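Close look at the chain arrangement
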Amino acid sequence: MTLAAAPLTYDPEIERIEIALLLEGIFRHYGFDFRSYAYSSIRRRVWKRIEAESLSSISALQELILHDRQAMERLLHDLSVNVTAMFRDPEFYVAFREKVIPHLRTFPFVRIWHAGCATGEEAYSMAILLQEEGLFDRSRIYATDMNEIVLQKAKEGIFPLERMQEYTQNYLRAGGTQSFSKYYTAKYDGALLSRHLLRNIVFSQHNLVTDRSFAEFHVILCRNVLIYFDRTLQGIVHELLFSSLATFGVLALGSKESLKFSPNEPCYEVLDLSAKLYRKVHSTCPASPSS
Amino acid sequence: MSGIALIVIGTSWGGLEALSVIVRGLPGSFPIPLVAVQHRSRDARPMLAELLQQNTELTVSEAEDKDFLSPGRLLLAPPDYHLLIEDSFISLDTDQQVKYSRPSIDVTLISAAETYGARVAGLVLTGANDDGAAGLRRIADRGGVALVEDPTTATSAAMPAAALRAVPQARVLALADIPAALVRLADEPIRRRA
């Protein structure tokens, strides 16, 4: 918690200015664009970093990160790394098996984009699911994140041993058909995911805010990523996802996200409402209603 | 019209019963948007919203990202997400648990205090830990209204007692009196509390 860091004299307008200047500085100097992120979340994470650095103001943090790349790495970690798990929301994977896999079987080759993959737990989960459905050998998962450091961890594929019990339960509830332990090797204090799962996963850097579409996909998973953006940026990224999706391709969002604030909503039909699975049914979207 | 633009309620053990009493006592036309953070396991089905909805004229739903705060509506923090208060809407966040909780009551109360300042009321109900105490303190520090369920009427006294230790000047209310107090709060101009 960031209680100690709360300033004694607090002016929300000055704080807004300081945060805007901090984010502008990060963008100009390092190229990471957090300027349209959800404000409360950014504010909370910025104050966490201020406390961890034993500073007392946002302006002081700005000075530090502009002159100290390592401090910027630490702030980037705070701003971008999000909690994830293997087979997070098991019911999502059940719905995916039932409603998306049959459609994917009709293709000779399946391209999946996992946008915002963080440390890779969910990309490996999808690889396991595809393997069990007999589709992995003709699939490729492009797992991207803006943060090189988390991508490095994703490529290593070593997850904390103490979470394997939780992941095993998730796996079983997600409709797993094997013994989960066959997918990893306990090693020191970590669980090393089977290297076979890496053969059709490509981890690479991509920034949803500043980079463009790089291919056309049959499935795009973008779960619990858009929640960090403000509504305007959500709309822009939805357009990027939409234009990267083949017609009749499937978009998967996080369990508490929806298309209701997206200008692309009319171009999708709901495949599974609670699993947040949507199918693109129009190849071009009508002009977004001005709001 | 009240100066209070948002009421945030935090509760844990015993929270379903306490929240039921409160929403039953509020009219569908209640003018202040409501947000409730109830500790739940990540596997909880969205039953809480359905159960509360049966007892109230308010519209109750589990929050989705960027949902609007609006009069007559109670948004519930979903399991496994922190709920943050923006100006007239909410954002969700999957950052680490705080005090073993996600949603964390402190996280929501603090973001409410930072966004709404003196225009927010925080209410800490029954619960078996001390989540909410630091958040209620922040609301009081920013000039907002701090309300605490009377620990002697609470199913579990620990949480309201901790909130009272953090904010000794908070208004203490028996559970049965809370709906009427919230209705009065809605009629209370902001300057009278200064």
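Residues numbered from 1 in each chain as written. Chains lettered and ligands numbered in written order. Predicted model: local features only at pLDDT ≥ 70, side-chain atom pairs only at ≥ 80, totals over all residues.

Topic: the overall build of chain B
- The secondary structure content of chain B amounts to six helices and nine strands.
- For 194 residues, the compact-globule estimate of 2.2 N^0.38 gives 16 Å, and chain B sits close to it at 15 Å.
- Overall, chain B is about 45 × 35 × 30 Å in size when its C-alpha atoms are taken along their principal axes.
- Split into buried and exposed, the 194 residues of chain B put 56% on the buried side.
- By sequence separation, contacts in chain B at least 24 residues apart represent 72% of the contacts at least 6 residues apart. (Helix = DSSP H or I, 4+ residues; strand = E, 2+ residues; numbered from the N terminus. Rg over C-alpha atoms; globule rule 2.2 N^0.38 Å. Buried ≥ 20, exposed ≤ 12 C-beta atoms within 10 Å, placed from the backbone. Contact = placed C-beta atoms within 7 Å.)

Observations regarding the overall build of chain A
- A count of helices and strands for chain A gives 10 helices and 10 strands.
- Taken over the C-alpha trace, chain A has a radius of gyration of 20 Å; the compact-globule value for 291 residues is 19 Å, and the two agree within 12%.
- If you line up chain A on its principal axes, its C-alpha atoms span 60 × 55 × 30 Å.
- Counting only contacts in chain A whose residues sit at least 6 apart along the sequence, the fraction spanning at least 24 positions is 75%.

Description of the sheet that holds strand β8 (residues 245–253) of chain A
All names here are of chain A.
- Reading across from one edge, β6-β2-β1-β7-β8-β10-β9 is the order of the seven strands in this open sheet, with mixed pairing throughout. Edge strands, defined here as strands with exactly one partner in the open sheet, are β6 (201–205) and β9 (268–272). Along the sheet, successive strands turn relative to each other by an average axial angle of 20 degrees, direction set aside.
- Relative to strand β7 (residues 217–222), strand β1 (residues 110–115) is paired through three bridges, and the arrangement is parallel. Residue pairing in the sheet places His114 in a bridge with Leu221 of β7.
- Seen against the sheet, helix α7 (residues 121–132) touches β1, β2 (139–145) and β6 and runs at an angle of roughly 170 degrees to β2. (Pairing = 2+ DSSP bridges. Axes fitted to C-alpha atoms, helices over the stretch in contact; angles between N-to-C directions.)

Re the interface of chain A and chain B
- With 20 residues of chain A at the interface, the matching set in chain B holds 24 residues.
- Of all the elements, helix α2 (residues 39–52) of chain A adds the most residues to the side of chain A that touches chain B, at five residues.
- Considering only residue class, the side of chain A that touches chain B consists of 10 nonpolar, five polar and five charged. (Nonpolar A, V, L, I, M, F, W, Y, C, P; charged D, E, K, R; others polar.)

What about the pairing of β1 of chain A?
All names here are of chain A.
- β1 sits mainly inside the fold: five of its six residues count as buried.
- Bridge analysis of β1 against β2 gives six bridges, and the strand direction is parallel. Within β2, the position partnered with His114 by the bridge is Ala143.
- Once you follow β1 into α7 and on to β2, the crossover reads as right-handed. (Right-handed = clockwise from strand over helix to strand, strands pointing away.)

Quick notes on the pairing of strand β4 (residues 73–76) of chain B
Residue and element names in this part refer to chain B.
- Relative to β4, strand β2 (residues 34–38) runs parallel, the two sharing three bridges. Paired with Ala36 across the strands is Leu76, a residue of β4.
- As judged from the four bridges shared by strand β3 (residues 59–62) and β4, these two strands associate in the parallel manner. Bridge pairing links Val60 to Leu74 in β4.

Examining the environment of Gln165 of chain A
- Mapped onto the elements, Gln165 of chain A comes out in helix α9 (residues 164–173).
- Taking the C-alpha atoms as reference points, Gln165 of chain A and Asn147 of chain A, 18 residues apart in sequence, are found 28 Å from one another.

Describing the confidence of the model for chain B
- Within chain B, residue pLDDT values average 93, and 93% of them lie at 70 or more.
- Complex prediction metrics read pTM 0.92 and ipTM 0.89. (pLDDT = per-residue confidence, 0-100.)

A short note on the nonpolar core
- Among the nonpolar cores identified, the biggest contains 148 residues, and Ala127 and Ile220 of chain A together with Leu136 and Ala163 of chain B are the most heavily contacted of them.
- Aside from chain neighbours lying at most four places away, what touches Ile220 of chain A is Trp113, Ala115, Leu241, Ser244, Leu245 and Leu251 of chain A. (Core = buried A, V, L, I, M, F, W, Y, C linked by C-beta atoms within 7 Å.)

Comments concerning unusual backbone geometry
- The amide bond that connects Arg102 of chain B to the next residue, Pro103 of chain B, takes the cis arrangement and shows omega of 10 degrees.
- Unusually for a residue other than glycine, Ala118 of chain A sits at a positive phi of about 50 degrees.
- Position of Ala118 of chain A relative to the elements: it lies in the loop between β1 and α7.

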